[in-house]
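# Observations on the three-dimensional arrangement
Listed here are the chains, written in short residue letters.
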Amino acid sequence: MSAQPVMPSRLPAAEMTVGPFFPPRYSDAGANDLTRLEGEGARGEPIDIEGRVVQLDGAPTHNLIVEIWQADAAGIYAHPNDPRHLEADPNFFGWGRAATDADGRYAFRTIRPGQTRERDGTVRAPHINVLVLFSGLMRQLHTVVYFPDDGGAKDFDPLYRAVPGPRRAGVVAVAEAPGRYRFDIRLRGEGETPFFSLDDGGVR
Amino acid sequence: MAKARPGGAGGADGLGRTVITVGRFDEPSQSTPVVEGYRQTALRTPAEPLIKRPFTLSELTGPDRPERRLALLGTDLAGHGAQRALGQLIDVRLRVLDEDGAPLPGALVEMWQANAAGRYIHPNDDDHAPVDPHFYGAARMTTDATGCLSIRTIKPGAYPVPGSGRWWRPPHIHFSLWGRVWMSRLVTQMFFPGEPLNGQDRILHAVPDADARERLICRPRSPVDGPEDTLVFDHDIVVRGRRATPAA
Ligand SMILES: [Fe+2]
C-alpha cells in the first residue's frame, strides 16, 4: 500500500459566471501574445489565430474571455505532469488571454504547437486548448483548435475522434494565409462549436 | 494501490513520482448551466450535449506562475485618509485549497467587486448608483506559503440586474483562480452571511446542493479578532486538482 494523503478530500467550489463586469484591465495588453515572455522569443513558427464569437441569435459577444493553453513547438508542456517537461522551451509560456471586442472578435499570436506525447506513448495532433468565460455562462466552456494542415495527424487524435463526424469541422481552424488561421466560435444554435465535458470521459 | 476516484484521470508516470490529477466532476455541487430568469444563459449555453473526452496531458498540465503573463495588482482596495473608499471596511482572508484539502501556495487569484453603492467601474455598468472616485474594485495577487491571502476592501453593495424584472444581486465578490492544471481553472463568487437577498439570488440558487451553496458564503470573525475599524471574514475556495499517488 502506498502512502495516501492524510487530509480529507474536499469538493471544489461551485463555478459561477464572470458576469458582465469582468474588469477590462484584466485583459492586459499583450496577454494574447504567446511568442514572447520576459526576454527572448519562443522557438518555433509564429502563427496568428483570430476569430469571432457569436451567441444563439448570431449577435456578437462583447467582453467574452478566451483563454488558451498549449504545448511548445516541440509538443512539450512546461508542467511536471509532462515527462518531457525539463526539455520545454523556457521562453514559451503556453498560456494567454484575450477579450472579444464589440464585434465579437478576438486574436492571439502564438507558436505552432508540436505533437504532444502522453505517458503511455499516445501522440496527440498539434492543438490549442481553449477555455471560454462569459456573462450568462455558468460554467467554463472547453474546446480545442486543430490545424487543417497537420498532415492527417488529427485523424488519430483521441479528442478529435471523440467529436461526432459531422461536427468535426467545428474544431478545425481555417487557413487564411500562411501562418494565419481563423477559428470562429458559435456558443449555441446552428453550427454550434463542439464543446467538451469538464469530466474525464474515461480511459482511452 | 492508488486511490483514484471513479472517473479520475492521471496516475503513475512510470518512475513512481507523484503526479497531479483531478477528481470526478460533482454535478449537484455545481451550477445548473441554464438558469430560469437569467435570460443570457439560454442564449449562450451550448444546446448540444458536451462531448466526452479522455483527459490527456493537455487537461492535466497548466501554466506555472501565470503572473508572469498577468501583472499583479495591489491587495488594498480601500485606501487610506482622504483617499479612503466609502463603505464598511472589511478584510477578506482567503485560503485556496486543492481537493485533498491541502493549501495551494503561490496560487494566482483575481477578484473584482462593486463599490458600496453597488456600482462597478465598467463600461457595461450604466446603473444610476454613483461611482466612488477612490474605489476601482479589482485586485490580482498570489497566495502565500500557507495558501492564504488577505484583501483589504469595502463591503460591496447589492445591485439590480438590468432588465431582469427586479432581480437584485446580493453583496458578492467575484474570484478567478488558477490551480495546478488546466482543469483547475475556476471562476466563482463569494457571498456574505445573513443577507436577505441571498435567499432569492438566481445565481447562488443555480447550485442545487445546499451544502455547496453554504460553502460560497464567507464566515465572519468576531469583531474582537480584527483591527478596530475593520470586520474580518474567512473564506476557503477549493479548486480542482489533487496529488495522485502512483500504484507501485
Ligand atoms: Fe457582480
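In case you missed it, the structure is sitting above this.
Rules behind the numbers
- Residues numbered from 1 in each chain as written.
- Chains lettered and ligands numbered in written order.
- Predicted model: local features only at pLDDT ≥ 70, side-chain atom pairs only at ≥ 80, totals over all residues.
- Heavy atoms only, no water.
- Helix = DSSP H or I, 4+ residues; strand = E, 2+ residues; numbered from the N terminus.
- Buried < 20%, exposed > 50% of the residue type's maximum accessible area, 1.4 Å probe, protein only.
- Contact = heavy atoms within 4.5 Å.
- Areas by Shrake-Rupley, 256 points an atom, 1.4 Å probe, with all protein chains shown as cover.
- Lys, Arg positive; Asp, Glu negative; His and termini not counted.
- Charge placed at Lys NZ, Arg CZ, Asp CG, Glu CD.
- Donors = N, O, S within 2.8 Å, 3.2 Å for Na, K, Ca; no water.
- Tetrahedral: all angles 85-135°; square planar, octahedral: opposite > 155°, others 65-115°.
- Buried area = accessible area lost by both parts, 1.4 Å probe.
- Salt bridge = Lys/Arg side-chain N within 4 Å of Asp/Glu carboxyl O.
- Nonpolar A, V, L, I, M, F, W, Y, C, P; charged D, E, K, R; others polar.
- Pairing = 2+ DSSP bridges.
- Axes fitted to C-alpha atoms, helices over the stretch in contact; angles between N-to-C directions.

Scanning chain A for helices and strands turns up one helix and 12 strands. Each helix and strand of chain A, ordered N terminal to C terminal, gives the series β-β-β-β-β-β-β-β-α-β-β-β-β. When the backbone C-alpha atoms are referred to their principal axes, chain A occupies close to 55 × 45 × 40 Å. In chain A, buried positions account for 55% of the 204 residues. For chain A, the share of sequence-separated contacts (at least 6 apart) that also reach a separation of at least 24 residues comes to 70%. Of the roughly 8000 Å² of accessible surface on chain A, a fraction of 52% belongs to carbon and sulfur atoms. Of the side-chain charges in chain A, 23 are positive and 28 negative, and the distance between the mean point of each set is 3 Å.

Glancing now at the coordination of the iron ion. Residue and element names in this part refer to chain B. The coordination sphere of the iron ion contains the protein donors Y120 (OH), Y159 (OH), H172 (NE2) and H174 (NE2), at a distance range of 2.0 to 2.2 Å. Relative to the metal, the four donor atoms surrounding the iron ion lie at angles of 91 to 158°, and the coordination shape comes out irregular. The sequence motif formed by the donor residues of the iron ion is Y-x38-Y-x12-H-x1-H. Of this pair, Y120 sits in the loop between β4 (108-112) and β5 (138-142) while H174 sits in strand β9 (residues 172-177), placing them 54 residues apart in sequence. Grouping residues by exposure puts Y120 and H174 together as buried.

Across the contact, 102 residues belong to chain B and 84 residues belong to chain A. Of the roughly 8400 Å² buried at the junction of chain B and chain A (both faces included), carbon and sulfur atoms supply 57%. When residues of chain B are sorted by the area they lose upon contact with chain A, R44, R69 and W182 of chain B head the list and together hold 11% of the total. On inspection of chain B and its partner chain A, the count reaches five salt bridges. Linking R97 of chain A and E110 of chain B is a salt bridge whose minimum nitrogen-to-oxygen distance equals 2.9 Å. Looking at side-chain class alone, the side of chain B that touches chain A contains 53 nonpolar, 21 polar and 28 charged residues. Relative to strand β2 (residues 51-53) of chain B, strand β12 (residues 196-200) of chain A runs parallel, the two being bridged by two bridges. The residue bridging F196 of chain A from the neighbouring strand is I51 of chain B, located in β2 of chain B.

This paragraph deals with the environment of I20 of chain B. Looking at the secondary structure, you find I20 of chain B in strand β1 (residues 19-21). Sequence separation between I20 of chain B and R243 of chain B is 223 residues, and the spatial gap between their C-alpha atoms is 4.8 Å. Every residue in contact with I20 of chain B, bar those within four places of it in the chain, is listed here: H79 and N81 of chain A together with L60, R180, V181, G241, R242 and R243 of chain B.

It is worth spelling out the sheet that holds β9 of chain B at this point. Within a beta sheet, neighbouring strands are joined by backbone hydrogen bonds and run either parallel or antiparallel to one another. All names here are of chain B. Pairing within the open sheet is antiparallel, and its four strands lie in the order β5-β4-β9-β10. Of all the strands in the sheet, the pair left with one neighbour each is β5 and β10 (186-191). For this sheet, the mean angle separating the axes of adjacent strands, direction not counted, is 20°. Direction of pairing for β4 relative to β5: antiparallel, over a ladder of five bridges. Within β5, the residue paired with L108 across the bridge is T142.

Turning to the sheet that holds strand β12 (residues 231-238) of chain B, a few remarks are in order. Residues and elements named next belong to chain B. The strand order across the open sheet formed by four strands is β6-β3-β12-β11, and the pairing between neighbours is mixed. The sheet is open, and its two borders are formed by β6 (148-154) and β11 (219-220), each paired with just one other strand. Pairing of strand β3 (residues 89-97) with β12 involves eight bridges; the strand directions are parallel. Bridging from a neighbouring strand, L94 pairs with H235 of β12.

Residues and elements named next belong to chain A. Bridge analysis of strand β1 (residues 46-54) against strand β4 (residues 105-111) gives seven bridges, and the strand direction is antiparallel. For D48, the partnering residue across the bridge sits in β4 and is R109. Relative to strand β10 (residues 180-182), β1 is paired through three bridges, and the arrangement is parallel. Across the sheet, D48 pairs through a bridge with R180, a residue of β10. By the bridge criterion, two bridges tie β1 to strand β11 (residues 185-186) in an arrangement that is parallel. What sits directly across from V53, in β11, is I185.

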